[in-house]
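Descriptive analysis of the structure
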Amino acid sequence: MHKIIRLAVVMIICGLTMINLSVSQTMDDPVKKEALRTIDQKAQLLIDVSDKIWEYAEIALMEYQSSELLEEVLEKEGFRVEKDVADLPTAFVATFGSGNPVIGILAEYDALPGLSQDSTPFKKVLEEEGNGQGCGHNLFGAGSLGAALALKQVMEKHAIQGTLKLYGCPAEEDVGGKLYMARAGLFDDLDACLAWHPDYETSVDVDSGQAVDDLRVEFFGKTAHAAFDPWMGNSALDAAETMTFGVNLLREHVKPSVRIHYVITDGGKVPNIVPEYAKVWIWVRDLDRDGVKAVVERVEKIVEGAAIATGTTHKIHYEGSYHEMLINRKGSEIMQKNLEKIGPITYTEEEILYAQKIQKEAGIDEKGMVVNIEKLKEPEKYPEGGSTDVAEVSWITPTIHLSITCAPHGIPWHSWAVVASSKHPIGYKGMFLAAKVMAATALDLLRSPDVLEEMKKEFDEKRKGYTYKSGISPDQKPPVRIKRKS
Ligand SMILES: [Zn+2]
């Protein structure tokens, strides 16, 4: 702590360069060093892009301004940008270079609904019912952009052979843009892919998370007056309740790794009308696709039974499913080495105080920021709950994933506190570290065919002959709300 504060004083004196010096650089590879310097030089551009995406705060499939901004910067910097890919108007692929190897970097930028918040260390809504970057995707998008820009610069200067692709991936929070991008084959030519995510700890991720199925169940009944002639009706709400009762009984008979959660999104309008329509939105998660499938088959039977019992009919909509992440240990080791050489982040006293204020407001331990870099762990038998559409990519090409501290330790994620931190130096510093670690790791992959070969071998062994199957049907269209403005 004292050491951090001493360093902080030096940084305050340094003024603007504070941001550039925020990540210690013990990197000995001259090409990597140059890439890291490029990110420092582009610090202001990355902050500007990140802040704009934060201000736009566009939710899933509405990220028109955010994607256009990233596309514009990439085009200006000499990338070939393919827009409106995979039926997603806010998705893009930006390419530089040619030939093999082909390395991908993922970028996200969607916000969350109803989380409007200023960058203050206390709750302050900016716009009633507005949106906010409660998952830090503004940093995610700009950080990945930083890595791509730095890589292009050194690839060009040192004639490094290969192709670099930055993927603009919309709608991570809802819909799952990568699900559609994967189905369209956009990741098929990659030799490896890199991604990161803001967090309140720093580590290379070794846990596979959870596979998930997203189902919407509709029940159709018959309406009647609930007091005058209820015997004429068949309640769709009764069917929904019978279904959820059955699902709750099922919980006793599933493996401890299974998670089931639902909401009744439509259960009728008023009590004196027997509801003719009801809708249940349900997610089933487990450690892998097979586990999810087994539980979903039970849920399907319960739905069928609920409809029979209540004299209603039903329809199940399969909205999508994610795989669990396929971890690539070799790739993770390469990234860990770069992370340890480039990090950890140091913070000013002011920044630590800001973090502690947020923690006080959130009613949690006022620990400030976590600076240490976690060692590369062995995967947990029961990983933390949660799923990501990055997992789709991980079954198509060896994928390496990084979490970087961008917010005060222990704060609730998807909350005002993340929105606040994502437009603050504590967020920016995480973004720079992520950009640097991804750039350095990509350089290892571009320049070492042996490493890529090893990653590929591990990938093939772990896939056990499985080739990626999309969790959505070939004709399913993404629920695009509005078309791109002309
Ligand atoms: Zn996120």
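For the structure itself, look to the data block above.
Residues numbered from 1 in each chain as written. Predicted model: local features only at pLDDT ≥ 70, side-chain atom pairs only at ≥ 80, totals over all residues. Heavy atoms only, no water.

**A word on the sheet that holds strand 8 (residues 259–266)**
Pairing is antiparallel across the open sheet formed by four strands, whose spatial order is 8-9-7-10. Here the strands that pair on one side only, and so sit at the sheet edges, are strand 8 and strand 10 (313–322). The average angle at which neighbouring strand axes cross in this sheet is 15 degrees, direction not considered. Judged from the 10 bridges that link them, strand 7 (residues 211–220) and strand 9 (residues 277–286) form a sheet pairing that is antiparallel. Paired with alanine 211 across the bridge in strand 9 is aspartate 286. Relative to the sheet, helix 8 (residues 236–250) contacts strand 7, strand 8 and strand 9, its axis offset from that of strand 9 by approximately 20 degrees. Along the sheet, helix 9 (residues 289–310) makes contact with strand 7, strand 8, strand 9 and strand 10, crossing strand 7 at roughly 10 degrees. (Pairing = 2+ DSSP bridges. Helix = DSSP H or I, 4+ residues; strand = E, 2+ residues; numbered from the N terminus. Axes fitted to C-alpha atoms, helices over the stretch in contact; angles between N-to-C directions. Contact = heavy atoms within 4.5 Å.)

**Re the coordination of the zinc ion**
Around the zinc ion, the donor atoms from the protein are Cys135 (SG), His137 (NE2) and His197 (NE2), and they sit 2.1 to 2.3 Å away. Sequence spacing among the residues donating to the zinc ion works out to C-x1-H-x59-H. Residue cysteine 135 is located in the loop between strand 3 (102–108) and helix 6 (137–157), and its partner histidine 197 is located in strand 5 (residues 192–199); the two are separated by 62 residues in the primary sequence. For the pair cysteine 135 and histidine 197, one class covers both residues: buried. (Donors = N, O, S within 2.8 Å, 3.2 Å for Na, K, Ca; no water. Buried < 20%, exposed > 50% of the residue type's maximum accessible area, 1.4 Å probe, protein only.)

**Quick word on the sheet that holds strand 1 (residues 80–83)**
Strand order in this open sheet of seven strands is 1-2-4-3-5-11-6, and the pairing throughout is mixed. Looking along the sheet, the strands with just one partner apiece sit at the ends: strand 1 and strand 6 (203–204). Here two bridges tie strand 6 to strand 11 (residues 399–405), and the two strands are oriented antiparallel to one another. Note that in strand 11 the partner of serine 203 across the bridge is serine 403.

**Some thoughts on the pattern of salt bridges**
What the rule picks out here adds up to 28 salt bridges. Residue arginine 289 is joined to aspartate 213 by a salt bridge in which the shortest nitrogen-to-oxygen separation is 2.8 Å. Of this pair, arginine 289 sits in helix 9 while aspartate 213 sits in strand 7, and the two are 76 residues apart along the sequence. Residue lysine 456 is joined to aspartate 460 by a salt bridge in which the shortest nitrogen-to-oxygen separation is 3.0 Å. Of this pair, lysine 456 and aspartate 460 both sit in helix 15 (residues 449–463), four residues apart, roughly one helical turn. By sharing partners, the salt bridges in this structure join Glu108, Lys178 and Asp389 into a single network. (Salt bridge = Lys/Arg side-chain N within 4 Å of Asp/Glu carboxyl O.)

**Brief notes about the state of the cysteines**
By definition, a disulfide links the sulfur atoms of two cysteines through a covalent bond. Following the criterion strictly, the structure yields zero disulfides and no others. Free cysteine: cysteine 193, not disulfide-bonded; nearest cysteine sulfur from cysteine 169 at 7.7 Å. With no disulfide of its own, cysteine 406 lies closest to cysteine 135 among cysteine sulfurs, the gap being 11 Å. (Disulfide = S-S within 2.5 Å.)

**Focus: the environment of aspartate 84**
Position of aspartate 84 relative to the elements: it lies in the loop between strand 1 and strand 2 (92–98). Note: C-alpha distance between aspartate 84 and glycine 168 (84 residues apart in sequence) is 10.0 Å. Among residues more than four places away in sequence, those in contact with aspartate 84 are Pro89 and Ala91.

**Focus on the packing of aromatic side chains**
Tallying each qualifying case throughout the model produces eight aromatic pairs. Where tryptophan 281 meets tryptophan 283, the ring centres are 6.2 Å apart and the plane angle is 70 degrees; that geometry is what we call edge-to-face. Look at tryptophan 281 and you get partly exposed, because its relative accessible area is 26%. (Phe/Tyr/Trp six-rings, centres within 6.5 Å; stacked < 30°, edge-to-face > 60°.)

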